[in-house]
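Listed below, chain by chain, are the residues.
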Amino acid sequence: MVEQAILHLQDSQYCYATGGNAVEIMLRTGARDAFEAVELIYGSKYDYYLVQRRVAMNKRFSDGLYDYYTVSLTLSDVRLIYIFALKENGKTYYFSEDGLTEKYDFAFAYYNAFQFPYINAADVMQDVKWMHSAVFYEIFVERFCRGDFVKDDAYIDLKWGEIPTPKSFAGGDLAGIVDKLDYLKDLGVSALYLTPIFQSVSNHKYDISDYYTVDKQFGDNRTFKRLVEEAHARGIRVVLDAVFNHCSEHSEQFRDVVKNGKKSPYFDWFIIRGDAIDTEAGNYECFGACKYMPKFNTSNSDVQKFLLDVATHWIEKYDIDGWRLDVSDEVSHDFWRAFRKSVKAAKPDCVILGENWHDSAPFLRGDQFDGIMNYALTKACLDYFVNGAFTATDFANKLSALYVRNNKTANGMMLNLLDSHDTHRFYTLADKNADKLACALAVVFMHTGAPCVYYGTEVLTEGGYDPDCRRTMDWDDGRENIRPLLRALADLRRSPEIEDGAIAFGTQGELFILDRIRDGVLRLYVNATDKAVAVRDEGETLLAHNYRNGKLGSNGFLVVRRTL
(Lines give C-alpha, C1' and ligand atoms only; values in the text may rest on other atoms or scores of the structure.)
Protein backbone atom coordinates (compact mmCIF):
# COMPACT_ATOMS: atom_id res chain seq x y z
CA MET A 1 0.00 0.00 0.00
CA VAL A 2 1.00 3.63 -0.40
CA GLU A 3 1.28 4.75 3.20
CA GLN A 4 1.64 8.42 2.27
CA ALA A 5 -1.77 8.35 0.57
CA ILE A 6 -3.67 7.46 3.74
CA LEU A 7 -5.36 10.48 5.29
CA HIS A 8 -7.98 11.27 7.89
CA LEU A 9 -8.68 14.69 9.42
CA GLN A 10 -10.71 15.08 12.58
CA ASP A 11 -13.53 17.63 12.72
CA SER A 12 -13.50 18.21 8.96
CA GLN A 13 -15.22 16.85 5.85
CA TYR A 14 -13.58 13.55 6.91
CA CYS A 15 -15.47 13.53 10.23
CA TYR A 16 -18.58 15.56 10.99
CA ALA A 17 -21.97 15.32 12.67
CA THR A 18 -25.18 15.33 10.64
CA GLY A 19 -27.51 15.22 13.64
CA GLY A 20 -27.67 14.94 17.41
CA ASN A 21 -26.20 11.44 17.39
CA ALA A 22 -25.19 10.88 13.76
CA VAL A 23 -21.64 11.10 12.41
CA GLU A 24 -20.09 10.61 8.97
CA ILE A 25 -16.54 9.23 8.76
CA MET A 26 -14.27 9.11 5.70
CA LEU A 27 -10.80 7.66 5.11
CA ARG A 28 -8.61 8.34 2.09
CA THR A 29 -6.28 5.67 0.67
CA GLY A 30 -4.27 5.17 -2.51
CA ALA A 31 -6.37 4.44 -5.58
CA ARG A 32 -4.29 1.41 -6.53
CA ASP A 33 -4.33 -0.19 -3.09
CA ALA A 34 -6.35 -3.41 -3.00
CA PHE A 35 -7.61 -3.91 0.54
CA GLU A 36 -9.54 -7.00 1.52
CA ALA A 37 -11.36 -4.86 4.07
CA VAL A 38 -11.33 -1.41 5.64
CA GLU A 39 -12.96 -1.17 9.07
CA LEU A 40 -13.71 1.54 11.59
CA ILE A 41 -13.05 0.49 15.18
CA TYR A 42 -15.00 2.89 17.38
CA GLY A 43 -16.53 3.38 20.80
CA SER A 44 -17.00 5.75 23.71
CA LYS A 45 -13.87 7.64 24.68
CA TYR A 46 -14.39 6.65 28.32
CA ASP A 47 -14.52 2.84 27.92
CA TYR A 48 -12.83 2.33 24.55
CA TYR A 49 -10.03 0.34 26.16
CA LEU A 50 -12.63 -2.26 27.18
CA VAL A 51 -15.30 -2.12 24.47
CA GLN A 52 -14.67 -1.58 20.77
CA ARG A 53 -17.19 -1.86 17.96
CA ARG A 54 -16.25 -2.69 14.39
CA VAL A 55 -18.04 -1.66 11.22
CA ALA A 56 -17.06 -2.14 7.59
CA MET A 57 -16.34 0.95 5.52
CA ASN A 58 -17.35 1.04 1.86
CA LYS A 59 -15.36 2.55 -0.99
CA ARG A 60 -17.71 5.27 -2.25
CA PHE A 61 -15.54 7.54 -4.36
CA SER A 62 -12.35 7.46 -6.39
CA ASP A 63 -10.65 10.39 -8.09
CA GLY A 64 -7.92 8.46 -9.89
CA LEU A 65 -5.27 9.20 -7.28
CA TYR A 66 -7.16 8.27 -4.14
CA ASP A 67 -10.02 6.07 -2.98
CA TYR A 68 -12.43 7.27 -0.30
CA TYR A 69 -14.05 4.90 2.19
CA THR A 70 -17.07 6.10 4.18
CA VAL A 71 -19.40 4.97 6.94
CA SER A 72 -22.38 6.52 8.72
CA LEU A 73 -22.68 6.03 12.48
CA THR A 74 -25.66 6.37 14.81
CA LEU A 75 -24.28 6.70 18.32
CA SER A 76 -25.70 5.97 21.74
CA ASP A 77 -22.76 7.83 23.32
CA VAL A 78 -21.75 10.90 21.32
CA ARG A 79 -18.28 11.09 22.86
CA LEU A 80 -16.69 9.24 19.95
CA ILE A 81 -13.21 7.75 19.68
CA TYR A 82 -11.97 5.61 16.79
CA ILE A 83 -9.16 4.20 14.66
CA PHE A 84 -9.07 2.39 11.31
CA ALA A 85 -8.10 -1.18 10.43
CA LEU A 86 -6.89 -1.96 6.90
CA LYS A 87 -6.49 -5.54 5.76
CA GLU A 88 -4.06 -6.27 2.92
CA ASN A 89 -2.69 -9.67 1.86
CA GLY A 90 -4.12 -11.29 4.96
CA LYS A 91 -2.43 -8.83 7.33
CA THR A 92 -4.11 -6.11 9.41
CA TYR A 93 -2.67 -2.63 9.81
CA TYR A 94 -3.98 0.11 12.12
CA PHE A 95 -4.25 3.80 11.36
CA SER A 96 -4.44 6.35 14.19
CA GLU A 97 -2.99 9.76 15.01
CA ASP A 98 0.38 7.99 15.11
CA GLY A 99 -0.03 6.97 11.47
CA LEU A 100 0.10 3.41 10.16
CA THR A 101 1.21 0.67 12.59
CA GLU A 102 1.17 -3.12 12.62
CA LYS A 103 -0.09 -3.24 16.21
CA TYR A 104 -2.36 -1.08 18.32
CA ASP A 105 -2.69 -0.95 22.10
CA PHE A 106 -6.26 0.00 23.00
CA ALA A 107 -5.26 0.47 26.64
CA PHE A 108 -3.45 3.68 25.62
CA ALA A 109 -5.92 4.84 22.98
CA TYR A 110 -6.56 8.06 24.88
CA TYR A 111 -3.14 9.22 23.64
CA ASN A 112 -3.42 8.68 19.91
CA ALA A 113 -6.86 7.56 18.70
CA PHE A 114 -8.92 9.90 16.55
CA GLN A 115 -11.83 11.51 18.34
CA PHE A 116 -14.99 13.52 17.92
CA PRO A 117 -15.20 14.55 21.57
CA TYR A 118 -18.85 15.62 21.70
CA ILE A 119 -21.69 16.48 19.33
CA ASN A 120 -22.76 19.99 20.27
CA ALA A 121 -26.02 21.01 18.61
CA ALA A 122 -24.66 24.43 17.64
CA ASP A 123 -21.87 22.78 15.65
CA VAL A 124 -24.12 20.59 13.48
CA MET A 125 -24.56 22.08 10.01
CA GLN A 126 -28.28 22.66 9.47
CA ASP A 127 -29.88 21.50 6.25
CA VAL A 128 -32.18 23.67 4.12
CA LYS A 129 -34.43 20.81 3.03
CA TRP A 130 -36.19 22.63 0.19
CA MET A 131 -32.88 22.91 -1.67
CA HIS A 132 -32.91 19.15 -2.29
CA SER A 133 -35.76 19.37 -4.78
CA ALA A 134 -35.43 23.01 -5.87
CA VAL A 135 -35.04 24.05 -9.51
CA PHE A 136 -33.55 27.56 -9.74
CA TYR A 137 -33.87 30.00 -12.59
CA GLU A 138 -31.45 32.93 -12.68
CA ILE A 139 -32.84 36.20 -14.03
CA PHE A 140 -30.73 39.16 -15.07
CA VAL A 141 -33.60 41.52 -14.37
CA GLU A 142 -32.79 44.19 -16.96
CA ARG A 143 -32.96 41.70 -19.84
CA PHE A 144 -35.72 39.20 -18.98
CA CYS A 145 -39.06 40.90 -19.64
CA ARG A 146 -40.60 44.35 -19.54
CA GLY A 147 -43.99 44.49 -17.85
CA ASP A 148 -44.34 48.16 -16.94
CA PHE A 149 -45.06 50.30 -20.00
CA VAL A 150 -46.13 53.36 -18.00
CA LYS A 151 -42.75 54.08 -16.35
CA ASP A 152 -40.39 56.76 -17.66
CA ASP A 153 -38.39 54.84 -20.25
CA ALA A 154 -36.15 57.63 -21.47
CA TYR A 155 -33.19 55.66 -20.13
CA ILE A 156 -33.79 52.74 -22.58
CA ASP A 157 -31.26 52.78 -25.43
CA LEU A 158 -31.21 49.13 -26.50
CA LYS A 159 -33.86 47.66 -28.73
CA TRP A 160 -35.14 44.32 -27.45
CA GLY A 161 -33.20 41.60 -29.29
CA GLU A 162 -30.16 43.68 -30.16
CA ILE A 163 -26.69 42.78 -28.89
CA PRO A 164 -26.02 44.56 -25.57
CA THR A 165 -23.09 46.76 -24.67
CA PRO A 166 -21.68 47.12 -21.13
CA LYS A 167 -23.82 50.20 -20.48
CA SER A 168 -26.97 49.65 -22.54
CA PHE A 169 -30.50 49.45 -21.11
CA ALA A 170 -33.31 47.33 -22.57
CA GLY A 171 -36.06 47.96 -20.02
CA GLY A 172 -36.62 44.65 -18.22
CA ASP A 173 -38.29 45.02 -14.81
CA LEU A 174 -39.97 43.26 -11.88
CA ALA A 175 -43.44 43.62 -13.38
CA GLY A 176 -42.20 41.62 -16.35
CA ILE A 177 -41.13 38.80 -14.02
CA VAL A 178 -44.56 38.83 -12.36
CA ASP A 179 -46.14 38.52 -15.81
CA LYS A 180 -44.04 35.41 -16.52
CA LEU A 181 -44.49 33.54 -13.24
CA ASP A 182 -46.99 31.10 -14.75
CA TYR A 183 -44.55 30.47 -17.58
CA LEU A 184 -41.79 29.75 -15.05
CA LYS A 185 -44.05 27.51 -12.99
CA ASP A 186 -44.93 25.52 -16.12
CA LEU A 187 -41.21 25.20 -16.89
CA GLY A 188 -40.72 23.45 -13.54
CA VAL A 189 -39.02 26.36 -11.78
CA SER A 190 -39.42 26.43 -7.99
CA ALA A 191 -36.91 29.16 -7.05
CA LEU A 192 -35.78 32.44 -8.61
CA TYR A 193 -32.33 33.94 -8.23
CA LEU A 194 -32.51 37.62 -9.17
CA THR A 195 -29.45 39.72 -9.89
CA PRO A 196 -29.43 42.95 -7.80
CA ILE A 197 -32.63 44.98 -7.75
CA PHE A 198 -31.60 47.94 -5.58
CA GLN A 199 -30.95 51.55 -6.53
CA SER A 200 -28.00 51.88 -8.90
CA VAL A 201 -26.91 53.78 -12.01
CA SER A 202 -25.82 50.64 -13.92
CA ASN A 203 -27.82 48.05 -15.83
CA HIS A 204 -26.44 45.23 -13.68
CA LYS A 205 -26.98 47.02 -10.33
CA TYR A 206 -23.85 45.58 -8.69
CA ASP A 207 -22.92 49.14 -7.65
CA ILE A 208 -25.66 49.87 -5.12
CA SER A 209 -26.27 53.34 -3.71
CA ASP A 210 -29.38 52.55 -1.61
CA TYR A 211 -29.89 49.05 -0.22
CA TYR A 212 -33.43 49.73 1.00
CA THR A 213 -34.95 50.95 -2.27
CA VAL A 214 -35.81 49.01 -5.42
CA ASP A 215 -34.37 50.79 -8.45
CA LYS A 216 -37.07 52.80 -10.23
CA GLN A 217 -36.09 51.22 -13.56
CA PHE A 218 -37.29 47.91 -12.09
CA GLY A 219 -40.35 49.25 -10.25
CA ASP A 220 -40.61 50.02 -6.57
CA ASN A 221 -40.75 48.21 -3.23
CA ARG A 222 -44.46 47.50 -3.63
CA THR A 223 -43.80 45.86 -6.98
CA PHE A 224 -41.22 43.63 -5.37
CA LYS A 225 -43.56 42.70 -2.53
CA ARG A 226 -46.15 41.71 -5.10
CA LEU A 227 -43.57 39.63 -6.94
CA VAL A 228 -42.69 37.67 -3.80
CA GLU A 229 -46.35 37.14 -2.88
CA GLU A 230 -47.28 36.01 -6.39
CA ALA A 231 -44.24 33.73 -6.58
CA HIS A 232 -44.98 32.17 -3.21
CA ALA A 233 -48.59 31.59 -4.26
CA ARG A 234 -47.19 29.40 -7.06
CA GLY A 235 -44.71 27.56 -4.84
CA ILE A 236 -41.75 29.57 -6.17
CA ARG A 237 -39.15 30.93 -3.75
CA VAL A 238 -37.20 34.16 -4.28
CA VAL A 239 -33.47 34.63 -3.61
CA LEU A 240 -31.87 38.08 -3.87
CA ASP A 241 -28.31 39.13 -4.65
CA ALA A 242 -26.42 40.59 -1.68
CA VAL A 243 -23.65 42.95 -2.81
CA PHE A 244 -21.93 43.38 0.55
CA ASN A 245 -18.31 43.41 -0.56
CA HIS A 246 -18.63 46.86 -2.10
CA CYS A 247 -21.12 49.62 -2.88
CA SER A 248 -21.49 52.50 -5.33
CA GLU A 249 -19.41 55.66 -5.37
CA HIS A 250 -22.81 57.38 -5.24
CA SER A 251 -23.74 55.86 -1.88
CA GLU A 252 -24.45 58.32 0.91
CA GLN A 253 -21.61 56.96 3.03
CA PHE A 254 -18.90 57.10 0.36
CA ARG A 255 -19.94 60.59 -0.80
CA ASP A 256 -19.66 61.79 2.79
CA VAL A 257 -16.10 60.47 3.00
CA VAL A 258 -15.21 62.11 -0.32
CA LYS A 259 -16.51 65.40 1.05
CA ASN A 260 -15.22 65.28 4.65
CA GLY A 261 -12.25 62.91 4.65
CA LYS A 262 -11.24 61.70 8.09
CA LYS A 263 -13.90 63.88 9.70
CA SER A 264 -16.59 61.70 8.12
CA PRO A 265 -18.25 59.22 10.49
CA TYR A 266 -18.01 56.76 7.61
CA PHE A 267 -14.26 57.07 7.01
CA ASP A 268 -13.53 53.68 8.56
CA TRP A 269 -16.35 52.07 6.55
CA PHE A 270 -13.87 51.88 3.67
CA ILE A 271 -10.23 50.83 3.27
CA ILE A 272 -8.38 54.03 2.42
CA ARG A 273 -4.68 54.78 1.97
CA GLY A 274 -4.23 58.25 3.42
CA ASP A 275 -6.47 60.78 5.13
CA ALA A 276 -8.73 61.67 2.22
CA ILE A 277 -10.30 60.05 -0.84
CA ASP A 278 -8.58 60.71 -4.16
CA THR A 279 -11.08 59.43 -6.72
CA GLU A 280 -8.67 60.02 -9.60
CA ALA A 281 -5.80 58.08 -8.04
CA GLY A 282 -8.15 55.54 -6.50
CA ASN A 283 -6.37 55.35 -3.14
CA TYR A 284 -8.96 53.01 -1.70
CA GLU A 285 -9.80 49.34 -2.05
CA CYS A 286 -12.50 48.54 -4.60
CA PHE A 287 -14.04 45.66 -6.48
CA GLY A 288 -11.55 44.50 -9.10
CA ALA A 289 -10.15 47.64 -10.70
CA CYS A 290 -13.51 49.46 -10.64
CA LYS A 291 -13.00 52.72 -8.77
CA TYR A 292 -16.75 53.36 -8.91
CA MET A 293 -17.26 50.34 -6.61
CA PRO A 294 -15.47 51.12 -3.29
CA LYS A 295 -14.96 48.11 -1.03
CA PHE A 296 -16.58 47.99 2.40
CA ASN A 297 -14.42 47.38 5.46
CA THR A 298 -16.52 44.45 6.71
CA SER A 299 -14.32 44.14 9.78
CA ASN A 300 -15.81 47.43 10.99
CA SER A 301 -18.63 46.87 13.49
CA ASP A 302 -20.75 49.74 12.11
CA VAL A 303 -20.47 48.35 8.59
CA GLN A 304 -21.45 44.94 9.88
CA LYS A 305 -24.52 46.33 11.64
CA PHE A 306 -25.56 48.27 8.54
CA LEU A 307 -25.31 45.26 6.24
CA LEU A 308 -26.88 42.84 8.71
CA ASP A 309 -29.83 45.20 9.09
CA VAL A 310 -30.20 45.23 5.29
CA ALA A 311 -30.14 41.43 5.17
CA THR A 312 -32.79 40.95 7.84
CA HIS A 313 -34.97 43.82 6.57
CA TRP A 314 -35.69 42.10 3.26
CA ILE A 315 -36.43 38.83 5.04
CA GLU A 316 -38.70 40.27 7.70
CA LYS A 317 -40.58 42.81 5.58
CA TYR A 318 -40.68 41.07 2.19
CA ASP A 319 -40.30 37.37 3.15
CA ILE A 320 -37.48 36.56 0.74
CA ASP A 321 -36.13 33.01 0.84
CA GLY A 322 -32.40 33.47 0.50
CA TRP A 323 -29.37 35.56 -0.30
CA ARG A 324 -26.76 34.95 -2.98
CA LEU A 325 -23.55 36.62 -1.78
CA ASP A 326 -21.59 38.55 -4.39
CA VAL A 327 -17.76 38.33 -4.27
CA SER A 328 -18.22 36.43 -1.02
CA ASP A 329 -14.69 35.08 -0.73
CA GLU A 330 -13.28 38.62 -0.42
CA VAL A 331 -15.42 39.36 2.65
CA SER A 332 -14.21 38.45 6.14
CA HIS A 333 -15.16 35.13 7.71
CA ASP A 334 -16.00 37.11 10.81
CA PHE A 335 -18.70 39.04 8.97
CA TRP A 336 -20.22 35.95 7.35
CA ARG A 337 -20.46 34.23 10.74
CA ALA A 338 -22.41 37.20 12.06
CA PHE A 339 -24.45 37.29 8.84
CA ARG A 340 -25.48 33.65 9.21
CA LYS A 341 -26.62 34.12 12.79
CA SER A 342 -28.73 37.15 11.87
CA VAL A 343 -30.27 35.59 8.76
CA LYS A 344 -31.05 32.23 10.33
CA ALA A 345 -32.59 33.93 13.38
CA ALA A 346 -34.90 35.84 11.04
CA LYS A 347 -35.80 32.81 8.90
CA PRO A 348 -34.16 29.42 9.60
CA ASP A 349 -34.68 28.01 6.10
CA CYS A 350 -33.46 31.15 4.32
CA VAL A 351 -30.67 29.79 2.13
CA ILE A 352 -27.21 31.42 2.04
CA LEU A 353 -25.26 30.86 -1.20
CA GLY A 354 -21.77 32.25 -1.70
CA GLU A 355 -20.29 33.34 -5.01
CA ASN A 356 -17.09 31.39 -4.45
CA TRP A 357 -15.48 30.05 -7.62
CA HIS A 358 -12.86 27.85 -5.95
CA ASP A 359 -12.48 25.26 -3.18
CA SER A 360 -14.47 26.78 -0.32
CA ALA A 361 -14.37 24.23 2.50
CA PRO A 362 -13.59 26.91 5.16
CA PHE A 363 -16.90 28.66 4.31
CA LEU A 364 -18.96 25.45 4.32
CA ARG A 365 -18.59 24.10 7.83
CA GLY A 366 -22.01 25.24 9.05
CA ASP A 367 -21.02 28.60 10.51
CA GLN A 368 -21.11 30.68 7.30
CA PHE A 369 -22.68 29.56 3.99
CA ASP A 370 -25.11 26.76 3.19
CA GLY A 371 -23.64 26.26 -0.28
CA ILE A 372 -21.87 28.05 -3.08
CA MET A 373 -22.33 28.63 -6.79
CA ASN A 374 -20.72 25.40 -7.98
CA TYR A 375 -18.48 26.77 -10.73
CA ALA A 376 -16.12 23.81 -10.25
CA LEU A 377 -18.92 21.58 -11.55
CA THR A 378 -19.44 24.06 -14.40
CA LYS A 379 -15.79 23.73 -15.43
CA ALA A 380 -15.91 19.93 -15.19
CA CYS A 381 -18.93 19.87 -17.52
CA LEU A 382 -17.13 22.15 -19.97
CA ASP A 383 -14.07 19.90 -19.92
CA TYR A 384 -16.18 16.79 -20.58
CA PHE A 385 -18.85 17.99 -22.99
CA VAL A 386 -17.19 20.96 -24.71
CA ASN A 387 -13.41 20.98 -24.47
CA GLY A 388 -12.82 17.26 -24.98
CA ALA A 389 -10.34 17.31 -22.09
CA PHE A 390 -12.03 14.48 -20.15
CA THR A 391 -12.90 10.89 -20.87
CA ALA A 392 -15.87 9.38 -19.02
CA THR A 393 -13.41 8.05 -16.40
CA ASP A 394 -11.80 11.48 -16.03
CA PHE A 395 -15.22 13.05 -15.56
CA ALA A 396 -16.25 10.50 -12.92
CA ASN A 397 -12.94 11.02 -11.12
CA LYS A 398 -13.30 14.79 -11.21
CA LEU A 399 -16.84 14.79 -9.84
CA SER A 400 -15.69 12.45 -7.06
CA ALA A 401 -12.83 14.78 -6.19
CA LEU A 402 -15.19 17.75 -6.06
CA TYR A 403 -17.72 15.92 -3.92
CA VAL A 404 -15.24 14.89 -1.21
CA ARG A 405 -14.12 18.50 -0.79
CA ASN A 406 -17.13 19.14 1.43
CA ASN A 407 -19.49 17.37 3.79
CA LYS A 408 -22.67 15.89 2.39
CA THR A 409 -24.88 18.52 4.05
CA ALA A 410 -23.14 21.31 2.12
CA ASN A 411 -23.10 19.21 -1.06
CA GLY A 412 -26.89 19.00 -0.79
CA MET A 413 -27.17 22.79 -0.88
CA MET A 414 -24.85 23.67 -3.77
CA LEU A 415 -26.16 25.84 -6.60
CA ASN A 416 -25.21 23.83 -9.69
CA LEU A 417 -25.02 25.79 -12.93
CA LEU A 418 -23.72 25.58 -16.49
CA ASP A 419 -23.56 29.34 -17.04
CA SER A 420 -24.55 32.68 -15.53
CA HIS A 421 -24.43 36.44 -16.05
CA ASP A 422 -20.65 36.19 -15.44
CA THR A 423 -19.78 33.51 -18.01
CA HIS A 424 -20.08 32.55 -21.64
CA ARG A 425 -23.31 30.76 -22.49
CA PHE A 426 -22.72 27.00 -22.34
CA TYR A 427 -24.71 26.55 -25.56
CA THR A 428 -22.40 28.95 -27.39
CA LEU A 429 -19.23 27.29 -26.08
CA ALA A 430 -20.67 23.95 -27.21
CA ASP A 431 -20.85 25.28 -30.80
CA LYS A 432 -24.63 25.51 -30.49
CA ASN A 433 -24.96 21.76 -30.03
CA ALA A 434 -28.28 21.33 -28.19
CA ASP A 435 -27.55 17.64 -27.52
CA LYS A 436 -24.42 18.50 -25.54
CA LEU A 437 -26.43 21.05 -23.58
CA ALA A 438 -29.11 18.43 -22.87
CA CYS A 439 -26.56 15.94 -21.53
CA ALA A 440 -24.90 18.55 -19.32
CA LEU A 441 -28.30 19.62 -17.96
CA ALA A 442 -29.08 15.98 -17.11
CA VAL A 443 -25.89 15.80 -15.02
CA VAL A 444 -26.68 19.07 -13.23
CA PHE A 445 -30.28 18.06 -12.48
CA MET A 446 -29.26 14.61 -11.19
CA HIS A 447 -26.42 15.92 -8.99
CA THR A 448 -26.73 16.69 -5.29
CA GLY A 449 -27.60 20.33 -4.72
CA ALA A 450 -30.00 22.48 -6.73
CA PRO A 451 -29.76 23.01 -10.50
CA CYS A 452 -29.79 26.64 -11.64
CA VAL A 453 -30.89 27.41 -15.20
CA TYR A 454 -29.80 30.77 -16.60
CA TYR A 455 -32.71 32.59 -18.26
CA GLY A 456 -32.94 31.88 -21.97
CA THR A 457 -31.32 28.46 -21.78
CA GLU A 458 -34.70 26.94 -22.61
CA VAL A 459 -34.79 28.81 -25.95
CA LEU A 460 -31.12 28.16 -26.72
CA THR A 461 -29.99 31.74 -26.19
CA GLU A 462 -26.48 32.44 -27.44
CA GLY A 463 -23.86 34.64 -25.85
CA GLY A 464 -20.15 35.10 -25.33
CA TYR A 465 -18.53 36.69 -22.32
CA ASP A 466 -20.07 39.63 -20.42
CA PRO A 467 -21.92 41.65 -21.69
CA ASP A 468 -22.84 39.30 -24.55
CA CYS A 469 -24.12 36.68 -22.09
CA ARG A 470 -26.70 39.25 -20.94
CA ARG A 471 -28.83 39.39 -24.08
CA THR A 472 -32.55 40.00 -23.89
CA MET A 473 -34.90 37.03 -23.53
CA ASP A 474 -36.47 35.90 -26.82
CA TRP A 475 -40.22 35.46 -26.26
CA ASP A 476 -40.94 34.26 -29.80
CA ASP A 477 -43.10 31.16 -29.28
CA GLY A 478 -41.94 29.76 -32.59
CA ARG A 479 -38.26 29.69 -31.64
CA GLU A 480 -36.48 26.35 -31.25
CA ASN A 481 -36.50 25.38 -27.58
CA ILE A 482 -35.80 22.64 -25.04
CA ARG A 483 -38.66 23.48 -22.68
CA PRO A 484 -40.07 19.90 -22.65
CA LEU A 485 -36.67 18.56 -21.62
CA LEU A 486 -36.36 21.06 -18.75
CA ARG A 487 -39.88 20.23 -17.55
CA ALA A 488 -39.06 16.52 -17.60
CA LEU A 489 -35.80 17.05 -15.69
CA ALA A 490 -37.63 19.23 -13.16
CA ASP A 491 -40.19 16.45 -12.62
CA LEU A 492 -37.33 14.00 -12.10
CA ARG A 493 -35.97 16.23 -9.30
CA ARG A 494 -38.92 15.22 -7.14
CA SER A 495 -37.83 11.57 -7.11
CA PRO A 496 -36.98 10.37 -3.57
CA GLU A 497 -33.60 9.10 -4.78
CA ILE A 498 -32.67 12.65 -5.80
CA GLU A 499 -34.25 14.44 -2.85
CA ASP A 500 -32.62 12.29 -0.16
CA GLY A 501 -30.39 9.74 -1.87
CA ALA A 502 -26.64 9.21 -1.84
CA ILE A 503 -24.57 9.80 -4.98
CA ALA A 504 -21.94 7.79 -6.83
CA PHE A 505 -20.00 8.23 -10.06
CA GLY A 506 -18.68 5.59 -12.42
CA THR A 507 -18.40 4.36 -15.98
CA GLN A 508 -19.55 1.55 -18.25
CA GLY A 509 -17.03 1.42 -21.03
CA GLU A 510 -17.15 4.84 -22.68
CA LEU A 511 -20.35 5.83 -20.88
CA PHE A 512 -20.39 8.07 -17.81
CA ILE A 513 -22.68 6.92 -14.98
CA LEU A 514 -24.20 8.95 -12.14
CA ASP A 515 -26.23 7.06 -9.51
CA ARG A 516 -28.63 8.46 -6.95
CA ILE A 517 -29.24 5.79 -4.33
CA ARG A 518 -31.96 5.42 -1.74
CA ASP A 519 -34.38 2.46 -1.56
CA GLY A 520 -33.72 2.05 -5.27
CA VAL A 521 -31.29 3.57 -7.73
CA LEU A 522 -31.80 6.26 -10.32
CA ARG A 523 -29.01 5.80 -12.84
CA LEU A 524 -27.97 8.32 -15.48
CA TYR A 525 -25.98 7.09 -18.48
CA VAL A 526 -24.29 9.72 -20.66
CA ASN A 527 -22.59 9.19 -24.00
CA ALA A 528 -20.30 12.12 -24.80
CA THR A 529 -18.53 10.31 -27.63
CA ASP A 530 -19.12 10.85 -31.35
CA LYS A 531 -20.59 7.37 -31.90
CA ALA A 532 -23.51 5.27 -30.70
CA VAL A 533 -22.80 3.06 -27.66
CA ALA A 534 -24.86 0.12 -26.39
CA VAL A 535 -26.33 0.36 -22.89
CA ARG A 536 -26.64 -2.76 -20.78
CA ASP A 537 -29.45 -2.07 -18.33
CA GLU A 538 -32.81 -3.72 -17.66
CA GLY A 539 -34.14 -0.97 -15.41
CA GLU A 540 -37.29 1.06 -15.98
CA THR A 541 -36.65 3.88 -18.45
CA LEU A 542 -37.69 7.25 -16.99
CA LEU A 543 -36.17 9.72 -19.43
CA ALA A 544 -34.10 9.41 -22.58
CA HIS A 545 -32.44 11.64 -25.17
CA ASN A 546 -30.94 10.25 -28.40
CA TYR A 547 -31.67 6.68 -27.28
CA ARG A 548 -32.90 4.01 -29.70
CA ASN A 549 -32.91 0.21 -29.77
CA GLY A 550 -30.68 -0.17 -26.72
CA LYS A 551 -28.09 2.31 -27.94
CA LEU A 552 -27.25 5.83 -26.84
CA GLY A 553 -26.45 8.06 -29.76
CA SER A 554 -23.69 10.64 -29.67
CA ASN A 555 -24.43 13.16 -26.90
CA GLY A 556 -27.37 11.14 -25.65
CA PHE A 557 -28.44 10.25 -22.13
CA LEU A 558 -30.67 7.72 -20.43
CA VAL A 559 -32.20 7.71 -16.93
CA VAL A 560 -33.41 4.41 -15.52
CA ARG A 561 -34.78 3.27 -12.17
CA ARG A 562 -33.21 0.10 -10.82
CA THR A 563 -33.85 -2.01 -7.74
CA LEU A 564 -31.07 -2.53 -5.23
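No experiment lies behind these values; they were computed from the predicted model shown. (Residues numbered from 1 in each chain as written. Predicted model: local features only at pLDDT ≥ 70, side-chain atom pairs only at ≥ 80, totals over all residues. Heavy atoms only, no water.)

**Student:** Whenever I open this one, the layout of surface pockets confuses me. Can you help?
**Tutor:** Empty space among the atoms becomes visible once a probe the size of a water molecule is rolled across them. Empty space within the largest pocket amounts to approximately 780 Å³. Residue lining of the largest pocket: 39 residues in total, with Glu24, Tyr403, Lys408, Gly501 and Ala502 positioned closest to the centre. Where the lining of the largest pocket is concerned, the elements lending two or more residues are strand 2 (22-30), strand 5 (58-62), strand 6 (66-74), helix 11 (408-411), helix 15 (496-500) and strand 23 (502-508). Residues that form the lining of the largest pocket fall into these classes: 14 nonpolar, 16 polar and 9 charged. Each pocket or cavity is described by its volume, and for the second largest pocket that value is around 650 Å³. (1 Å grid on protein atoms, 1.4 Å probe; cavity = no way out; pocket = protein on both sides within 12 Å on 5 of 7 lines; lining within 4 Å. Points joined across faces, edges and corners; volume = space filled by probe spheres on them. Helix = DSSP H or I, 4+ residues; strand = E, 2+ residues; numbered from the N terminus. Nonpolar A, V, L, I, M, F, W, Y, C, P; charged D, E, K, R; others polar.)

**Student:** Would you mind going over the sheet that holds strand 2 with me for this structure?
**Tutor:** Note: strands within a sheet are paired through backbone hydrogen bonds, in either parallel or antiparallel orientation. Spatially, 4 strands are ordered 1-2-6-5 in an open sheet, and the strand pairing comes out antiparallel. The sheet terminates laterally at strand 1 (15-17) and strand 5, the two strands that pair on one side only. Between one strand axis and the next, the sheet turns by 25° as a mean value, whatever way the strands run. (Pairing = 2+ DSSP bridges. Axes fitted to C-alpha atoms, helices over the stretch in contact; angles between N-to-C directions.)

**Student:** Explain unusual backbone geometry here, please?
**Tutor:** Peptide bonds are mostly trans, and most non-glycine residues show a negative phi. Omega for the bond connecting Asp466 with Pro467 falls within 30 degrees of zero, at 15°, which places this linkage in the cis form. If you check the backbone angles, Leu460 has positive phi at about 55° while not being a glycine. Structurally, Leu460 is set in the loop between strand 22 (450-454) and helix 14 (483-492). When its relative accessible area of 4% is taken as the criterion, Leu460 is described as buried. At Asn546, a residue that is not glycine, the phi angle is positive and equals roughly 60°. (Buried < 20%, exposed > 50% of the residue type's maximum accessible area, 1.4 Å probe, protein only.)

**Student:** What is the right way to look at the environment of Glu229 in this model?
**Tutor:** Counting through the fold element by element, Glu229 comes out in helix 5 (residues 221-233). By relative accessible area, which is 47% here, Glu229 ends up partly exposed. It is 17 Å that separates the C-alpha atoms of Glu229 and Phe218, two residues lying 11 residues apart in sequence.

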